[in-house]
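Residue-level structure breakdown
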Amino acid sequence: QVQLVESGGGSVQAGGSLRLSCAASGGTFSTYTMGWFRQAPGKERETVAAIGSSGTTSYASSVKGRFTISRDNAKNTVYLQMNSLKPEDTAVYYCGSRAPGRVLYDYWGQGTQVTVSS
């Protein structure tokens, strides 16, 4: 069983920055693919960024160049640095973990709200 706890959300003006953290407990963090997702009101959850166990990263086109995902295996934590925030980035942000060999993400955090005002 893996527990994921997000933190770092909040309210910021457009152009500002936030850094989200997701602390994991249980399981073998270093072997997991970790992802950040977001869900805005009335919209489906979408993938924002992901980082593999080797450090390979991928990003949604809407955030590429503005957001950076990273991980610290010693701290069992994955981060999402968000710069140049836009009102359309407003959403609840979730982190998820995917064990090796799994297609779907297995565990999810409770989410943290990010609100960007214009």
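Below or above, wherever it landed, is the structure these notes cover. (Residues numbered from 1 in each chain as written. Predicted model: local features only at pLDDT ≥ 70, side-chain atom pairs only at ≥ 80, totals over all residues. Heavy atoms only, no water.)

Attention shifts here to the packing of aromatic side chains. Across all of its chains, the model carries three aromatic pairs by this definition. Seen from their ring centres, tyrosine 105 and tryptophan 108 are 5.9 Å apart, and the 45° between their planes marks the pair as tilted. Classification of tyrosine 105 by relative accessible area gives buried; the value is 17%. Pairwise contacts between aromatic rings join Phe37, Tyr105 and Trp108 into one cluster. One residue, arginine 45, lies across the ring of tyrosine 94, its end atom 4.0 Å from the ring centre. The positively charged end of arginine 71 is found above the aromatic ring belonging to phenylalanine 29, 4.7 Å away from the centroid. (Phe/Tyr/Trp six-rings, centres within 6.5 Å; stacked < 30°, edge-to-face > 60°. Buried < 20%, exposed > 50% of the residue type's maximum accessible area, 1.4 Å probe, protein only. Lys NZ or Arg CZ within 6 Å of the ring centre and 35° of its normal.)

Attention shifts here to the side chain of serine 97. Topologically, serine 97 is positioned in strand β9 (residues 91-98). Those residues in contact with serine 97, other than ones at most four positions away along the chain, are Val2, Leu4, Tyr32, Thr33, Met34, Tyr105, Asp106 and Tyr107. (Helix = DSSP H or I, 4+ residues; strand = E, 2+ residues; numbered from the N terminus. Contact = heavy atoms within 4.5 Å.)

A few words now on the state of the cysteines. Scanning all chains against the criterion turns up one disulfide. Two residues, cysteine 22 and cysteine 95, share a disulfide whose sulfurs are 2.0 Å apart. Of note, the bridge from cysteine 22 to cysteine 95 carries an S-S torsion of about 50° and is right-handed in sense. Pair noted here: cysteine 22 is in strand β3 (residues 18-25) and cysteine 95 is in strand β9, with a separation of 73 residues, a long-range link. For the pair shown, cysteine 22 and cysteine 95 are each scored as buried. (Disulfide = S-S within 2.5 Å.)

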